[in-house]
Amino acid sequence: MKAEAKNIIYKELVDKDRLPEHIAIIMDGNGRWAKQKGKLRVFGHKNGVQAVREVSEACAEIGVKYLTLYAFSTENWNRPQLEVSALMELLALTIKREIKTLQKNNIRLNAIGNIDSLPEKSREALKETIEATKQNTRMTLTLALSYGSQEEITNAVKNIALDCLADKLKPNDINPELIGQYLYTKNMPNPDLMIRTSGEHRVSNFLLWQLAYAEFYFTPVLWPDYNKECIFQAIVEYQQRERRFGKTTEQIHQ
Ligand code: FPP
C-alpha cells in the first residue's frame, strides 16, 4: 500500500511532454539478489522477469516509445553452463508466455545481437513473437541478446569496408550517420537515458556508439526489486538534468 502511494507520487511528477524517447537498461544484480536470500542464481533471474514486466508496462503506460533491455551479453556465454541454459530456457518460456500481453498492449518486440547464436528454442520463440508483433505501434521493446557493442561495431566496419570494395560506397561517404545505418539499432533513435541497477557504474560493452549523448543513471536497487516506482523516479531525475549536447548552458537557453 505504502509503495503504491509512493508510486503515484513519482508518476505524477513525470512531465509527459519531456519524456525520454528511448530508455536503455542494464539489468544487473539478479545473482546477488538470490544469494542474499540463500537461493541459486537462477532464482534471481526468474524473479528478474517480473521486473521486466513491470518496467515494460510502466514505460508503455507513460508514453516512452523505445525500451531496450540488456538481457544477455556476448561475455555471458562464459558463465557456468547450467546458468546459461537456464537463462535461455527462461527466455524462450517468457517470450512465449508474454505474447498475448504484448499484443494486448500494442507493444512490438525486437531483438539486437547475434541472434543466430541462441539455442533453437529461444531463437524460434523470439522470431515468432517479433513477427507476430511487428505491426504494434505503442512502444518497441528491444531485447539485447548475445549482444556486444564492440562486436556490433566490428561487424559494421567490416560491412562498410565490403561495400567500399564493391563500389557501393566511397570512403568519403563515411560519417556518423552512415555508421549508425550499419548497426543493429539502425531503425531506432539513440537512447536518451541509460539506467544500470545494482550499484555498478560501468557500461559493459552496451550500446557504446549509441550512448554518446545519453544521460546515465545508476541505482543500488537489485534488478528483481526494480519496479514502476523506480523507473518513474529515474525519469524524474532525467528531466531535472540539462542536456547540452556539447553546447553551453547559455546557448541552450537562447
Ligand atoms: C544480470 O544479473 C542479469 C542477467 C545477466 C540476465 C538478465 C535476465 C533476466 C532479467 C531474465 C530474463 C529476461 C527476459 C528479457 C525474459 P547478474 O546475474 O549479473 O547479477 P549479479 O551481478 O548479482 O551476479
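Everything numeric in this text was worked out from a predicted model, so none of it was measured.

Q: Could you give an account of unusual backbone geometry, naming the residues involved and the relevant values?
A: Positive phi outside glycine occurs at N106, with the angle close to 60°. With a phi close to 65°, N205 is a non-glycine residue in the positive phi region. As for its position among the elements, N205 is in the loop between β5 (193-196) and β6 (215-218). According to the relative accessible area criterion, N205 is buried, its value standing at 13%.

Q: Lay out the site of the ligand in plain terms, naming residues and giving numbers.
A: Taken together, 17 residues lie around the ligand, and D28, G31, R32, R41 and R79 are the ones closest in. Note that an oxygen atom of the ligand is positioned 2.7 Å from one of the backbone N or O atoms of R32. When the ligand is considered free in solution it has 630 Å² of accessible area, and contact with the protein chains removes 92% of it. Among the secondary structure elements, those contributing two or more residues to the shell around the ligand are α2 (30-36), α3 (41-62) and α4 (81-104). The class makeup of the residues in the shell around the ligand is 6 nonpolar, 7 polar and 4 charged.

Q: For the pattern of salt bridges, give the residues involved together with the corresponding values.
A: On inspection of all chains with the given rule, the structure shows 18 salt bridges. Linking R32 and E200 is a salt bridge whose minimum nitrogen-to-oxygen distance equals 3.2 Å. Here the residue R32 occupies a position in helix α2, and E200 occupies one in the loop between β5 and β6, the gap between them amounting to 168 residues. In this structure R32 comes out as partly exposed when scored by relative accessible area, which is 33%. Its salt-bridge partner being E98, residue R53 comes within 2.7 Å of it at the nearest N-O pair. Remark: E98 occurs in helix α4 and R53 occurs in helix α3; sequence separation between them is 45 residues.

Q: Summarise the packing of α4 against helix α5 (residues 120-132); cite the residues concerned and give the values.
A: Following both chains from N to C, one finds α4 and α5 inclined at 15°, their axes separated by 8 Å at the closest point. Relative to α5, the element α4 is oriented roughly parallel. Pair α4 / α5 crosses with left-handed handedness. The residues of α5 that touch α4, namely those facing M88, E89, L91, A92, I95, K96, I99, L102 and Q103, are K121, S122, A125, L126, T129 and A132. Split by residue class, the contact of α4 with α5 holds 9 nonpolar, 3 polar and 3 charged.

Q: With reference to specific residues and values, describe the nonpolar core.
A: Of all hydrophobic cores here, the largest spans 45 residues; its most connected members are I23, I25, L67, L126, I195, Y226 and I231. Not counting residues up to four positions away in its chain, the partners in contact with I231 are I23, I25, V55, A58, C59, I195 and Y226. Judged by nonpolar contacts, the second largest core, of 13 residues, contains I26, A144, M188 and A214.

Q: With reference to specific residues and values, describe α5.
A: With 13 residues, α5 ought to run about 18 Å at 1.5 Å a step, and its terminal C-alpha atoms sit 18 Å apart, in line with that. Along α5, the residues classified as buried are S122, R123, A125, L126 and T129. Buried residues of α5, seen end-on, are gathered within an arc of 165° and therefore sit on one face of the element. Opposite the packed face of α5, turned more than 90 degrees from it, sit the exposed residues E120 and K121.

Cut-offs and rules
- Residues numbered from 1 in each chain as written.
- Predicted model: local features only at pLDDT ≥ 70, side-chain atom pairs only at ≥ 80, totals over all residues.
- Heavy atoms only, no water.
- Helix = DSSP H or I, 4+ residues; strand = E, 2+ residues; numbered from the N terminus.
- Buried < 20%, exposed > 50% of the residue type's maximum accessible area, 1.4 Å probe, protein only.
- Near = heavy atom within 4 Å.
- Polar contact = N/O pair within 3.5 Å; in protein donor to acceptor, adjacent residues only side chain to side chain.
- Areas by Shrake-Rupley, 256 points an atom, 1.4 Å probe, with all protein chains shown as cover.
- Nonpolar A, V, L, I, M, F, W, Y, C, P; charged D, E, K, R; others polar.
- Salt bridge = Lys/Arg side-chain N within 4 Å of Asp/Glu carboxyl O.
- Axes fitted to C-alpha atoms, helices over the stretch in contact; angles between N-to-C directions.
- Parallel < 35°, antiparallel > 145°, perpendicular 65-115°, else oblique.
- Left-handed = near helix turned anticlockwise from the far one by under 90°.
- Contact = heavy atoms within 4.5 Å.
- Core = buried A, V, L, I, M, F, W, Y, C linked by side-chain atoms within 4.5 Å.
- Expected span 1.5 Å × (residues − 1).
- Arc of directions from axis to C-beta.

As far as function goes, none of this settles anything; it's purely spatial.
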